[in-house]
Amino acid sequence: MALSIGIVGLPNVGKSTLFTALTRKGGLAANYPFATIEPNVGVVEVPDERLHKLAEIVKPARILPATVEFLDIAGLVKGANKGEGLGNQFLANIRETDAIVEVLRYFSDGNVIHVEGESDPVRDVDIIKTELILADLATVEKAIPRLEKEAKRDKNLAAKLETVKELQGWLNEGHRALRFDMTDEQREHIYDLHLLTMKPMLYVANVDEDQAASQPEAIDGVSPIPISAKVESEIIDMDATEAKEFLEMMGLEQSGLERLIKAAYQLLGLQSYFTAGEVEVRAWTVPVGAKAPQAAGVIHTDFERGFIKAETIGYNDFIAGNGEAGARAAGKMRLEGKDYIVQDGDVMHFKFNV
Ligand SMILES: Nc1nc2c(ncn2[C@@H]2O[C@H](COP(=O)(O)OP(=O)(O)OP(=O)(O)O)[C@@H](O)[C@H]2O)c(=O)[nH]1
Ligand SMILES: [Mg+2]
């Protein structure tokens, strides 16, 4: 299943501009607040140079990168929880995402209306944080009476009710759920509430074009990723070489998409391994620390259930050996069992039996 990321922020900060640039898809980007009403969904290929290096050697019929799904929703404003603006009703659309990206306005275009008057990323982070917490409080407050009723019939639910009530107090103090000190059991208690402030968050600073290569100050202990939505939208129509040259001219080594996805993988503790055959060369996403059977399970549950072993070649060994045969001849192919911890870039071939 593809990683999914919800994009939030105040209206008019460039969410749809960024979304359109990332997904190369025509969401509506416009200079009026609430240009976006229905959520836009777009799937992006995870850029990974290594896939192409593998494909040069293997010459497969097709190359399949990992994918990330982005959801662009309406802007949130102060009071969204009370029905102000349109954002609140669309928060439901990002309840199922794995992470949230908050776009912050840093660019200084006087022609583009700022709903809060002028740019102040710290204040904006605070507004959105409050709205997300209030949305979670509404979820929790709805859950409590239901849990109270159920707990009367099922004693096992008493602990769950207790956790949810404690969390309510925490949210009421203005903290994100993610910062609530929880045991694994408590984490399970609140899992099905799909709280927004439980999700890992990244900040994107939508900066002026000439600031795309400079690092903005941290907010709340988090360093925003500087991305110029404008620059990103300019490179959409360029071919790879042109885009690279253009980015270099701006002092950038990688596109915003690459930097954003890299940051998201890091934040979520994810990595890629590869399968490389004549039919396809493909990237698969697994958590850092995943063992071989779990990695196999990403391809098919049967692979996990019937896992026997994994023929594994490290990425660099695969390249150095100019493919599987060479790596094998150099003694670089390992037969790994069910306790093997998959490494980023491993080229794997699973043996299974069902
Ligand atoms: N100068 C400049 N303008 C930008 C940039 N990014 C977005 N804009 C402009 O800002 C306006 C709003 O952009 P959108 O992408 O529609 O903003 P949004 O956050 O999706 O807004 P809502 O959907 O209303 O919440 C548009 O006129 C964009 O062209 C940027 O990096 N620089
Ligand atoms: Mg929009």
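Bear in mind the structure is a predicted one, so any value in this text is a computation, not a measurement.

### A look at the environment of proline 287
Then step 1. Here proline 287 is to be found in strand β9 (residues 280–287).
Then step 2. Looking at proline 287, the number of C-beta atoms within 10 Å reads 13, which means it is partly exposed.
Then step 3. Taking C-alpha positions, proline 287 is 33 Å from glutamate 245, a pair spaced 42 residues apart along the chain.

### Details of the nonpolar core
Then step 1. Judged by nonpolar contacts, the single largest core of 84 residues is most densely connected at Ile7, Leu18, Phe70, Leu104, Val204 and Ala295.
Then step 2. For this core, the leading source of residues is helix α4 (residues 121–153), giving eight residues.

### Side note on the packing of helix α5 (residues 157–172) against helix α6 (residues 184–191)
Then step 1. Where α5 meets α6, the closest approach of the two axes is 9 Å, and the angle between their N-to-C directions is 85 degrees. Classified by the angle between their axes, α5 and α6 sit roughly perpendicular to one another. Each of Ala159, Lys160, Thr163, Val164 and Leu167 in α5 lies in contact with α6, whose residues at this interface are Gln186, His189 and Ile190.
Then step 2. For the contact of α5 with α6, the residue count by class is four nonpolar, three polar and one charged.

### Section: helix α9 (residues 256–268)
Then step 1. The first and last C-alpha atoms of α9 sit 18 Å apart over 13 residues, in line with the 18 Å expected at 1.5 Å per residue.
Then step 2. Those residues of α9 not exposed but buried are Gly256, Leu257, Leu260, Ile261 and Ala264. Seen end-on, α9 carries its buried residues on one side only, within an arc spanning 120 degrees.
Then step 3. Directly after α9, the chain includes glycine 269, whose backbone phi takes a positive value near 65 degrees.

### Comments concerning the sheet that holds strand β1 (residues 3–8)
Then step 1. Taken in spatial order, the six strands line up as β2-β4-β1-β5-β6-β7 in an open sheet, and their pairing is mixed. Each edge of the open sheet is held by one strand with a lone partner, namely β2 (40–45) and β7 (225–227). This sheet shows a mean twist of 30 degrees between the axes of neighbouring strands, independent of strand direction.
Then step 2. Bridging between β1 and strand β5 (residues 99–105) involves four bridges; their strand directions are parallel. Residue pairing in the sheet places isoleucine 7 in a bridge with valine 101 of β5.
Then step 3. In this fold α4 packs onto β1, β5 and β6 (201–206), with an angle of close to 140 degrees to the strand it touches most, β5.

### Points about unusual backbone geometry
Then step 1. One non-glycine residue, histidine 194, lies in the positive phi region at around 50 degrees.
Then step 2. With respect to the element layout, histidine 194 can be found in the loop between α6 and β6.
Then step 3. Judged by C-beta crowding, with 15 C-beta atoms within 10 Å, histidine 194 ranks as partly exposed.
Then step 4. Residues other than glycine seldom take positive phi values, yet asparagine 322 does so here, at roughly 55 degrees.
Then step 5. Tracing the backbone shows asparagine 322 in the loop between α12 (315–320) and α13 (324–329).

### Digging into the environment of tyrosine 265
Then step 1. Topologically, tyrosine 265 is positioned in helix α9.
Then step 2. Sequence-wise, tyrosine 265 and proline 224 are 41 residues apart; in three dimensions their C-alpha atoms are separated by 15 Å.

### Topic: the packing of α4 against α5
Think of two packed helices as two axes; the pair is described by the angle between the axes and how far apart they sit.
Then step 1. Running from N to C, α4 and α5 point in directions that differ by 155 degrees, and their axes come no closer than 9 Å. The orientation of α4 relative to α5 falls into the category roughly antiparallel. α5 is crossed by α4, and the crossing has left-handed handedness. Together, Ile133, Asp136, Leu137, Val140, Ala143, Ile144, Leu147, Glu148, Glu150 and Ala151 of α4 and Leu157, Ala158, Lys160, Leu161, Val164, Lys165, Leu167, Gln168, Leu171 and Asn172 of α5 make up the contact between the two elements.
Then step 2. A per-class count over the contact of α4 with α5 returns 13 nonpolar, two polar and five charged.

### Description of the confidence of the model for the chain
Parts of the prediction with low pLDDT should not have their coordinates interpreted in detail.
Then step 1. Residue-level pLDDT values for the chain average 89, and 93% of them are 70 or greater.
Then step 2. The spread of mean pLDDT over the elements of the chain runs between helix α3 (residues 87–91), the lowest at 65, and α12, the highest at 98.

How each quantity is defined
Residues numbered from 1 in each chain as written. Chains lettered and ligands numbered in written order. Predicted model: local features only at pLDDT ≥ 70, side-chain atom pairs only at ≥ 80, totals over all residues. Helix = DSSP H or I, 4+ residues; strand = E, 2+ residues; numbered from the N terminus. Buried ≥ 20, exposed ≤ 12 C-beta atoms within 10 Å, placed from the backbone. Core = buried A, V, L, I, M, F, W, Y, C linked by C-beta atoms within 7 Å. Axes fitted to C-alpha atoms, helices over the stretch in contact; angles between N-to-C directions. Parallel < 35°, antiparallel > 145°, perpendicular 65-115°, else oblique. Contact = placed C-beta atoms within 7 Å. Nonpolar A, V, L, I, M, F, W, Y, C, P; charged D, E, K, R; others polar. Expected span 1.5 Å × (residues − 1). Arc of directions from axis to C-beta. Pairing = 2+ DSSP bridges. Left-handed = near helix turned anticlockwise from the far one by under 90°. pLDDT = per-residue confidence, 0-100.

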